[in-house]
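# Commentary on secondary and tertiary structure
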Amino acid sequence: MSASQAGAPSAPASAAQTHAHVTCPFCGLRCDDLEIARSGQALSVTRNGCDKAKAGFERPLTAAQPRVGGKTVSLGEAIAEAVALIKKAKLPAYGGLATDVDGMRAIMSIADKSRGVVDHAFSEAQGRNIKVLQTSGYFMTTLTEARNRADLFIIASDVHRFHPRFFERIVCNEKSMFADDPPKRTVVFLGEGYDTSAATGTRIGDVVTINCPTHRIGEVVSALRTLKKGAPLPADTIAGVAKAQIEDLLARCHKAEYGVIVWVPPGLDFPNADLTVHQICEFVKDLNVTQRFAGLSLGGNEGASTAASVCAWQSGYPLRVSFETGAPHYDPELYAIPALIASKQTDCLVWLSSFTADLSPPATDIATVVLGSHDLKLAREPEVFIPVGTPGIDHRGQLVRCDSVVSLPLRDLGRDAGLARTVDVLAAIEAAL
Ligand code: SF4
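Here the structure is a predicted model, which is why all the values come from computation and not from measurement.

So, how was this worked out
- Residues numbered from 1 in each chain as written.
- Predicted model: local features only at pLDDT ≥ 70, side-chain atom pairs only at ≥ 80, totals over all residues.
- Heavy atoms only, no water.
- Helix = DSSP H or I, 4+ residues; strand = E, 2+ residues; numbered from the N terminus.
- Rg over C-alpha atoms; globule rule 2.2 N^0.38 Å.
- Buried < 20%, exposed > 50% of the residue type's maximum accessible area, 1.4 Å probe, protein only.
- Contact = heavy atoms within 4.5 Å.
- Areas by Shrake-Rupley, 256 points an atom, 1.4 Å probe, with all protein chains shown as cover.
- Domains from an automatic or database assignment.
- Buried area = accessible area lost by both parts, 1.4 Å probe.
- Salt bridge = Lys/Arg side-chain N within 4 Å of Asp/Glu carboxyl O.
- Near = heavy atom within 4 Å.
- Nonpolar A, V, L, I, M, F, W, Y, C, P; charged D, E, K, R; others polar.
- Pairing = 2+ DSSP bridges.
- Core = buried A, V, L, I, M, F, W, Y, C linked by side-chain atoms within 4.5 Å.
- Axes fitted to C-alpha atoms, helices over the stretch in contact; angles between N-to-C directions.
- Phe/Tyr/Trp six-rings, centres within 6.5 Å; stacked < 30°, edge-to-face > 60°.
- Parallel < 35°, antiparallel > 145°, perpendicular 65-115°, else oblique.
- Left-handed = near helix turned anticlockwise from the far one by under 90°.
- Polar contact = N/O pair within 3.5 Å; in protein donor to acceptor, adjacent residues only side chain to side chain.

### A word on the overall build of the protein
Within the protein one finds 13 helices and 22 strands. Expected size for 433 residues packed as a compact globule is a radius of gyration near 22 Å; at 23 Å, the protein falls within 12% of this value. For the protein, the spread of C-alpha atoms along the principal axes amounts to about 70 × 55 × 30 Å. A burial count over the protein gives 57% of its 433 residues as buried. Long-range contacts, defined as pairs at least 24 residues apart, comprise 64% of the intrachain contacts of the protein with a sequence gap of at least 6. For the protein, the computed accessible surface area is about 17700 Å², with 51% contributed by carbon and sulfur atoms.

### With respect to the domain arrangement of the protein
Its domain assignment divides the protein into domain 1 (2–58), domain 2 (67–122 + 302–432) and domain 3 (137–299). On a C-alpha basis, the centroid separation for the pair domain 1 and domain 3 is 33 Å. Contact residues are listed per partner, giving eleven residues for domain 1 and nine residues for domain 3. Each partner contributes to the roughly 790 Å² buried at the junction of domain 1 and domain 3, and carbon and sulfur atoms together form 61% of this total. When the area that domain 1 buries against domain 3 is broken down by residue, the three leading residues are Leu 29, Cys 31 and Lys 52, summing to 53%. Counting across the domain 1 and domain 3 interface gives three salt bridges.

### Structural notes on the site of the ligand
The ligand sits among Cys 24, Cys 27, Leu 29, Arg 30, Cys 31, Gly 49, Cys 50, Lys 52, Ala 53, Pro 164 and Arg 165. Grouping the amino acids of the shell around the ligand by side-chain chemistry returns seven nonpolar, one polar and three charged.

### Remarks on the pairing of strand β3 (residues 34–39)
Counting buried positions along β3 gives five out of six residues, so the element sits mostly inside the fold. Bridge count between strand β2 (residues 17–22) and β3: four bridges; the pairing is antiparallel. Following the sheet pairing, Gln 17 is matched in β3 by Arg 38. Counting the residues that bridge the hairpin from β3 to strand β4 (residues 42–47) gives two residues, and of these Gly 40 lies at a positive phi of roughly 65°.

### Digging into the nonpolar core
Among the nonpolar cores identified, the biggest contains 96 residues, and Phe 57, Phe 153, Phe 166 and Phe 167 are the most heavily contacted of them. Excluding residues within four positions of it along the chain, Phe 167 makes contact with Ile 155, Val 159, His 160, Cys 172, Val 187, Phe 189, Ala 198 and Ala 199. Of all hydrophobic cores here, the second largest spans 40 residues; its members include Ala 89, Val 310, Val 321 and Ile 386.

### Some details on the sheet that holds strand β9 (residues 152–155)
Strands sit in the order β11-β10-β9-β14-β15 across an open sheet of five strands; the sheet is parallel. Among the strands making up the open sheet, the edge pair consists of β11 (204–211) and β15 (293–297). Neighbour-to-neighbour, the strand axes of this sheet turn through a mean angle of 20°, independent of strand direction. Docked against the sheet, helix α10 (residues 274–287) engages β14 (259–263) and β15, running at close to 170° with respect to β14.

### A few points about the packing of aromatic side chains
Applying the stated criterion to the full structure yields six aromatic pairs. Ring geometry for Phe 166 against Phe 167: centres 5.7 Å apart, planes inclined by 85°, an arrangement best described as edge-to-face. A relative accessible area of 0% places Phe 166 in the buried class. Its relative accessible area of 1% is what places Phe 167 among the buried residues. Ring plane angle 35° and centroid distance 5.8 Å describe the contact between Phe 167 and Phe 189, whose orientation is recorded as tilted. With Phe 167 in helix α7 (residues 166–171) and Phe 189 in strand β10 (residues 185–191), the pair connects residues that are 22 residues apart, well separated along the chain. Here Phe 189 falls in the buried class, since its relative accessible area comes to 2%. Taken together, Phe 153, Phe 166, Phe 167 and Phe 189 form an aromatic cluster joined through their ring pairs.

### Let's talk about the packing of helix α2 (residues 75–88) against helix α13 (residues 422–432)
Direction vectors running N to C along α2 and α13 enclose 55°, while the axes themselves pass 9 Å from each other. The pairing of α2 with α13 is recorded here as oblique in orientation. In the crossing of α2 with α13, the sense of the turn from one axis to the other is right-handed. For the pair α2 and α13, contact is made by Ile 79, Ala 82, Val 83, Ile 86 and Lys 87 and by Val 425, Ala 428, Ile 429 and Ala 432, respectively. Split by residue class, the contact of α2 with α13 holds eight nonpolar, no polar and one charged.

### Points about the side chain of Thr 346
Mapped onto the elements of the fold, Thr 346 is located in the loop between α12 (337–342) and β18 (348–353). Side-chain polar atoms of Thr 346 contact the backbone oxygen of Cys 348, separated by 3.2 Å. Setting aside residues up to four positions removed in sequence, Thr 346 forms contacts with Leu 91, Pro 92, Ala 93, Leu 340, Ile 341 and Ile 366.

### Describing unusual backbone geometry
Non-glycine residue Arg 115 carries a positive phi angle of around 60°. Structurally, Arg 115 is set in the loop between α3 (101–114) and β8 (117–120). A residue is classified by how much of its surface remains accessible, and Arg 115, at 42% relative accessible area, is partly exposed. In this structure, Ala 239 takes a positive phi of about 55° despite not being glycine. The residue Ala 239 is located in the loop between β12 (237–238) and β13 (241–242) in this model.

Right under this line is the structure:
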């Protein structure tokens, strides 16, 4: 068995191979310390990783072929049919967008050429942050800063469910960049129903749980802001949390040398959740008048942070951009693909989903072209299905991390499944448009 590093040519699929320092594409943390063993076309996570990573890397390959109307065709025939549908469309919609940097660049180019709309499947959740950024701004940190400097973590979402190694890699690390024996950390869980099991180990000091309905976190943070300003609270409990608990949390914030409030936008899934993000971000600003404190937004699963970053640097706007007029136009309400489908304003959906089996296209009767993972679940047979490789398994690529400050290189693990790269399929489609 040989060890392979990034940049080395892949061994033949028939040979066994172990890859070290593999970047995982299956959530926005982009852990880059996995060891993956390959035997033939079967992959297994042999070091680090988590259940989500195992589910992603180890799922068996299925024999998927390009299809048109459910019939197996050549890749060229599938591309030709996709081109015909896009050409015929009055307003093509490019959704899902679970792809790598190259795939996203290609879809932006096609959307521009075909005067379509781009919208990631998780734009609604990401929009909770974007609204705050646009209206009042925020003060955010990075995974690396939090890992090495923070002494207080306030966890305001079920982080462990979305990012299973966040605590292991960012909170519970025994050493930091600045000390072999750094001080213990306090972890405060603010919300309800979270998995708190990962907040353990020698680095962890106090673990505090403040139970309140997740949709009322904003009220508790608002109470913290009220007390911070020296004003009285209007009641003895706020969102079911006793005033004494809120005072204790404020005291812990004041005592912290580097506090961080962490949330996951898809975990704040209730109406007007952007107002909760707003309260958190304003509280962070209040604290920063006299001390260091920061927000840390996670998320970015299914290539969401990659799609958002590429869209911003290509068009100048966040996602939900239309090229219908020949120039990019941003509107988070008008260009939401679910709404465009419901109102039949779009007549062709092109759906990219190259990481997991679960990011399925929405149930719709409009013409649908899917560039999907080999085992993508489909509620109905699309007009065109083209199986594509998973970046980080079947081909190299790059993905932006959830804190949007770095993109990580992805590896070809050499299983040689014969799956096309999304960017190559899109380039062929664009060339024929
Ligand atoms: S936490 Fe996320 S990036 Fe890290 S191994 Fe698990 S799924 Fe992959």
